[in-house]
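Structure at a glance
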Amino acid sequence: MCSGSGCRITANYATLPRWRRGFDSLHPLLEHKPEAVRKRIVFVLTFSAILLGAAIPCSSLAVERQQILLDSQTLLPGWQVVTENEKTSVVRTDQGYLLKNFGATTFIYNGEFGYRDYDRLIISLQNSDAVALRIIPNVTTTANYTFENEQTVAASDGVQTVAFSLHYPNFQQVENFGIKFLTSGPANILIQEITLSQSSWAKKLLQPLKDYLRVAPYSGFTVNIFPAPRIFGRSAFVYFLPLFLMLVAALFYSSRFKHKALLGLLVLWLVTDARMGYEFLSYQIADYQTWIAAPQGQKTLRTYGDFYTFIDWLKETLPENTGSVNFHTANQAHFPRLAQYYLYPILVNPPSAAAVYIVYRQPKLIYNHQDQRLYLDDKPVSDPGVITFYDQDSFIFARR
Amino acid sequence: MTFLILRLLLAYFLPWLVGYFALRILDYQGKFSRGFAFFAALPIGTGIFTMEIFLLGLTGLHLSLGLFLKVLAINLLILGATAWYLRRFSWPFDFSGRTLLRTLDKILLACFILILLFKVSAAAWQILHVPVYEFDAWNNWDLRAKVIFTEQKIPLDKTQPFYLGGGINSYPLHDPLWKVWVARATGSWHEGIVNLYSLVFYICLIGLFFNSLPRDWKVSVRLVLTYALASLPFLYFHAFVAYADLEFATYLFLSITALFWFLRNAYLANLILSALTLSLAIWTKNEGFAVVAPVMFLATVFLLLTGRVTGKQVFGYWLVTMFAVLPWLLFRSVNKLEVLSGNSSSFSLAFNSHFVADWFSSVFLRSHFNFLWLMVLVLLADYLFKVERKDYGMNFFTAALVLLFLLYNGIVLFTDKAYDLSALNRVNLHIAPLAVFWLALVVDKNRIFDYR
């Protein structure tokens, strides 16, 4: 194969099956004239980099293509506003559009595009209270959004800019999309600008890293499935798969590279471990901030809001000798069963109606101060009793 | 607070001692390493203890602290005296025969302990400070434990809503009864304290894994492999979630690896240990009876037919298994409890094509098990071409892992019993420790690296 000093023939190379020689056939090549070959490789890579750099217009590194959908001067046709609460209003002002929000309001934009046209949505706003923003593709039909399409924006005195990447499968091609503004109470949101833009190369290169580090919110389903980490809306490991397969092949079929391949696999393993460790730590920090460190009256836990605080309040406030309660809520279907666990031996929703009612966020059940009864859809559903309020929609009602 | 911690330590120590004496008695040639006995003692001790409590609970006796202590005292007396009589009374804390560590081993050990300490501390903080949030924890495992603790007995009236504690009453009572004991021992129901059980089992599993690897392998290799197991994201996550899947995974791991070692070294104690831990797996979750027991039955029959085990050994194996879990099996049979968590009166095959893409992504591409299952897939393809017929231990292990994987995932993909993918990763969690162990064995078998 080669002769002279500096050559080394791989032992048993000739006896290897043809397909296995592929890896080891690098050996004679590299070992015959290693220095010359290395110089050639460096030259080719440098030349390619120069070509690539010249091919990319410098302007594309800085300027992003964009389309302003809405600002104080411009309002493209195709906008609709849908609200769940008739008290909500949208008023045009000099600075933009003032949304006086009660609950949830969706701004729907009717316009076809895909992430190859515009891969970012930028919203500039000023909000008096924390607002959860949700971008919903094809909001009038499939409305299929993921956690990557959601962000929570804290209250601010000044204008803040929130950017959403749209480089996800659900934005591959859309006919319309919605921007949902969710607030826990009344809030003033001044929307200064909504813009679609196509990112520069620099931002495009950075987006996979941002996606990879994005933590999925802790939900009741997390115990079964982790949605993250993801890149461009797909499992992140899909992008590491070619590297993984190469490393595995080198590990088992190359005597020269197997140790390096093992190291590569270990690094890959460590990267995922570190990434998931970061995710778990994020959950704990979030739990600490919302449940441990938050002042009494503002404690919340993950997707269950202040329900656990409500349970603690119930334990202290329920009349003694309460044997059973009727539990009503418009929220999570789980809440009565969760309440049962925490309140046992008090029975929740026994077969026969109990004398005590627990109402948690059920605006349809109203206490009438005049006749001291509970009303549902304007009909009395209880005898007169005593009420103890947790908040306006949550209370304990005990029949006399 | 100090008193509470002492009581908690005692609550774990006494059953651990029961398990340790049982293991010492079983280990008639003293072949179990001290580390192995140390980490296996708690799973075995808790399983024996809760089964005894269950039996007493069936008689209607009040599950008071006094009763628990009496049971433990009798266990310790009988087992301790037997171990003493058989001269198998040795403590795991004798460090006279320490392994010499090289510099690399010491560095890796220090790194591993640091990482583990961090993970364990974080998990402990989570369990102790954050209320139970996951559905099955408050709707089943913790609920049943709390009901039994509050009532001081196992509710046996089928007409009542909290029959067997409520929740999913077809599930065995091992986990809830253990939590009742801990609550009783510490004086009150504190869900953080009782739910530390998952974290303790995580530590036991890590320790068992390390001590189950061949002892002639380098310490550094064993540490790296143990780290690989400890760092499986989904497995670690369940260390601070009050489910029973991690406990089940521990028993399953013990059962399969013990039988593997029996086939390698013909040490009868391993066979009995495998049978005992299989019974405890059945006593922990229904999958033990519905999925694992059939696989082990097939395996033992096959081994019998190929002459690797004798008829007497197979008979003894199943006798031990059935005897240890007989009270529960009889009870569930008499009371017609469901085989799985839902309605098992009907069962039909169906191809859930809508699950396939998500199934593949969840198992192989997402971060639940890092790239463990991809590695298993790749190595399995390679291994099948190099199977040595006479390596019965390895063949058994491979067959058991593959069968369990196919069964578990087959139920999700090809039956009407999976309504969604909520159980998918948890069932693969059961066999993940086995997969890591298998990977280690295959790499050693192929002489890819020098483990020794």
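Residues numbered from 1 in each chain as written. Chains lettered and ligands numbered in written order. Predicted model: local features only at pLDDT ≥ 70, side-chain atom pairs only at ≥ 80, totals over all residues. Heavy atoms only, no water.

With that settled, consider the overall build of chain B. The number of helices and strands found in chain B is 18 helices and one strand. The C-alpha radius of gyration computed for chain B amounts to 21 Å, which stays within 12% of the reference 22 Å derived for 452 residues, consistent with globular compactness. Along the three orthogonal principal directions, the C-alpha set of chain B runs to about 60 × 60 × 50 Å. In chain B, which comprises 452 residues, the proportion classed as buried is 61%. Of the contacts formed within chain B by residues at least 6 apart in sequence, a portion of 78% connects residues at least 24 apart. If you sum the accessible surface of chain B, you get close to 17,700 Å²; carbon and sulfur atoms cover 69% of it. (Helix = DSSP H or I, 4+ residues; strand = E, 2+ residues; numbered from the N terminus. Rg over C-alpha atoms; globule rule 2.2 N^0.38 Å. Buried < 20%, exposed > 50% of the residue type's maximum accessible area, 1.4 Å probe, protein only. Contact = heavy atoms within 4.5 Å. Areas by Shrake-Rupley, 256 points an atom, 1.4 Å probe, with all protein chains shown as cover.)

Quick look at helix H14 (residues 311–334) of chain B now. Residue and element names in this part refer to chain B. Helix length check: H14, at 24 residues, gives a terminal C-alpha distance of 30 Å against a target of 34 Å (1.5 Å per residue), a shortfall beyond 12%. Of all bends in H14, the biggest is about 65°, found at Leu326, and the proline Pro327 comes one to four residues later. Listing the buried residues of H14 in full gives Val314, Tyr317, Trp318, Thr321, Val325, Pro327, Trp328, Leu329, Phe331 and Arg332. Remark: Lys336 follows H14 within two positions and exhibits a positive phi of approximately 55°. (Expected span 1.5 Å × (residues − 1). Bend = angle between axes of the 7 residues up to and from the residue.)

As a further point, take the interface of chain A and chain B. At the interface, 54 residues of chain A touch 60 residues of chain B. For the pair chain A and chain B, the summed buried surface comes to about 5,100 Å²; carbon and sulfur atoms form 68% of the total. Summed over the three residues of chain A that lose the most area to chain B, namely Trp269(A), Tyr341(A) and Tyr344(A), the buried surface amounts to 18% of that side. Counting every contact that joins chain A to chain B gives two salt bridges. Salt-bridge contacts for Asp273(A) lead to Lys119(B); the nearest nitrogen and oxygen are separated by 3.3 Å. (Buried area = accessible area lost by both parts, 1.4 Å probe. Salt bridge = Lys/Arg side-chain N within 4 Å of Asp/Glu carboxyl O.)

Attention shifts here to the nonpolar core. The nonpolar side chains of a soluble globular protein tend to be buried, and buried together. By size, the foremost hydrophobic cluster in this structure holds 224 residues, and its most contacted members are Phe307(A), Tyr202(B), Leu372(B), Trp373(B) and Trp438(B). At 15 residues, helix H18 (residues 424–445) of chain B tops the list of elements feeding residues into this core. In contact with Tyr202(B), not counting residues within four places along its chain, are Leu116(B), Lys119(B), Val120(B), Ala230(B), Leu235(B), Tyr236(B), Ala239(B) and Leu246(B). Judged by nonpolar contacts, the second largest core, of 28 residues, contains Leu121(A), Ile123(A), Phe164(A) and Phe181(A). (Core = buried A, V, L, I, M, F, W, Y, C linked by side-chain atoms within 4.5 Å.)

In this section: the sheet that holds strand S5 (residues 104–113) of chain A. All names here are of chain A. Spatial ordering of the open sheet is given by S2-S5-S10-S7-S8, a layout of five strands whose pairing is antiparallel. This sheet does not close on itself; its edge strands, each paired only once, are strand S2 (79–83) and strand S8 (150–153). Here the average twist between neighbouring strands, direction ignored, is 20°. Pairing analysis gives five bridges linking S2 to S5, with the strands arranged antiparallel. The partner of Val81 across the bridge, within S5, is Phe107. (Pairing = 2+ DSSP bridges. Axes fitted to C-alpha atoms, helices over the stretch in contact; angles between N-to-C directions.)

We now examine the packing of aromatic side chains. Here a ring pair, both rings aromatic, is described through the centre-centre distance and the interplanar angle of the planes. What the rule picks out here adds up to 86 aromatic pairs over all chains. Between the aromatic rings of Phe364(B) and Phe405(B), the centroid separation amounts to 6.3 Å while the plane-to-plane angle is 55°, which identifies the pairing as tilted. Taken together, the residues span a long stretch of sequence, with Phe364(B) in helix H15 (residues 353–365) and Phe405(B) in helix H17 (residues 392–414) at a distance of 41 residues. Exposure remark for Phe364(B): the relative accessible area of 4% places this residue in the buried category. The residue whose ring lies beneath Lys146(B) is Tyr341(A), and the NZ or CZ to ring-centre distance is 5.2 Å. (Phe/Tyr/Trp six-rings, centres within 6.5 Å; stacked < 30°, edge-to-face > 60°. Lys NZ or Arg CZ within 6 Å of the ring centre and 35° of its normal.)

Attention now moves to helix H5 (residues 201–213) of chain A. Residue and element names in this part refer to chain A. A rise of 1.5 Å per residue sets the reference length of H5, with its 13 residues, at 18 Å; its end C-alpha atoms lie 19 Å apart and thus fit the reference within 8%. Gln207 marks where H5 bends most, by close to 30°; the proline Pro208 follows one to four residues later. Regarding H5, the residues found buried are Gln207, Asp211 and Tyr212. Tucked inside the fold, the buried residues of H5 contact strand S6 (120–127), strand S9 (160–165), strand S12 (230–231), helix H6 (237–253) and helix H7 (258–292).

Scanning the model with the defined rule gives 21 salt bridges over all chains in all. Across the pair Lys204(A) and Asp119(A) runs a salt bridge, and its minimum N-O distance is 3.3 Å. With Lys204(A) in helix H5 and Asp119(A) in the loop between S5 and S6, this pair connects stretches of sequence that are 85 residues apart. For Lys204(A), a relative accessible area of 28% corresponds to the partly exposed category. Among the charged side chains, a network of salt bridges with common partners joins Asp245(B), Lys285(B), Glu287(B) and Arg426(B).

Let us look at the environment of His354(B). Residue and element names in this part refer to chain B. When you line up the elements, His354 lands in helix H15. Residue His354 is classed as exposed on the basis of its relative accessible area of 55%. When the C-alpha atoms of His354 and Asp420 are compared, they prove to be 9.9 Å apart, with 66 residues separating the residues in sequence.

Adjacent strands of a sheet form backbone hydrogen bonds with each other and so pair up, either parallel or antiparallel. Residue and element names in this part refer to chain A. The strand order across the open sheet built from five strands is S15-S14-S16-S21-S20, with neighbouring strands paired in mixed fashion. Both outer strands of the open sheet, strand S15 (347–348) and strand S20 (385–391), are each paired with one neighbouring strand and no more. Here four bridges tie strand S16 (residues 356–360) to strand S21 (residues 394–399), and the two strands are oriented antiparallel to one another. Its bridge partner lying in S21, Ile358 is registered against Ile396. Contacting strand S14 (324–329), S16, S20 and S21, helix H8 (residues 307–317) crosses the sheet at an angle of about 145° to S20.

With that settled, the discussion passes to the pairing of strand S3 (residues 89–92) of chain A. Residues and elements named next belong to chain A. Sheet analysis places S3 next to strand S4 (residues 97–101), joined by four bridges and oriented antiparallel. Among the inter-strand pairings, Arg92 is bridged to a residue of S4, identified as Tyr97. In this structure, the hairpin formed by S3 and S4 is closed by a connection of four residues, where Gly96 is found at a positive phi of approximately 155°.

A few words on a nonpolar patch on the surface. Among the surface-exposed residues, Leu263(A), Leu266(A), Val267(A), Val271(A) and Val224(B) lie close enough to one another that they form a single nonpolar patch of about 360 Å² accessible area. In this structure, Leu263(A) sits in helix H7. (Patch = residues over 30% accessible without salt bridge, like charges linked within 9 Å, V, L, I, M, F, W, Y side chains within 5 Å.)

Looking now at the side chain of Asn370(B). Position of Asn370(B) among the secondary structure elements: in strand S1 (residues 368–371). Among the polar contacts listed, one links the side chain of Asn370(B) to the backbone oxygen of Trp269(A), at a separation of 3.1 Å. A polar side-chain atom of Asn370(B) sits 3.3 Å from a polar atom in the side chain of Thr272(A). Non-local contacts of Asn370(B), meaning those with residues more than four positions away in its chain, are made with Leu268(A), Trp269(A), Thr272(A), Asp273(A) and Pro233(B). (Polar contact = N/O pair within 3.5 Å; in protein donor to acceptor, adjacent residues only side chain to side chain.)

Residues and elements named next belong to chain B. For the pair H15 and H17, interaxial distance at closest approach is 11 Å and the crossing angle is 145°. The crossing of H15 and H17 is right-handed. Along the contact surface, H15 presents Phe355, Val356, Trp359, Val363 and Phe364, while H17 presents Phe405, Asn409, Val412 and Leu413. Considered class by class, the residues forming the contact of H15 with H17 number eight nonpolar, one polar and no charged. (Left-handed = near helix turned anticlockwise from the far one by under 90°. Nonpolar A, V, L, I, M, F, W, Y, C, P; charged D, E, K, R; others polar.)

A separate point is the confidence of the model for chain A. Residue and element names in this part refer to chain A. The pLDDT averaged across chain A works out to 86; a share of 85% of its residues lies at or above 70. Under a pLDDT of 50 for its full length, residues 1–11 has, in the predicted model, 12 contacts with residues more than four places off or in other chains. Across residues 23–31, where pLDDT falls below 50, the model places 17 contacts with residues more than four positions away in sequence or in other chains. (pLDDT = per-residue confidence, 0-100.)

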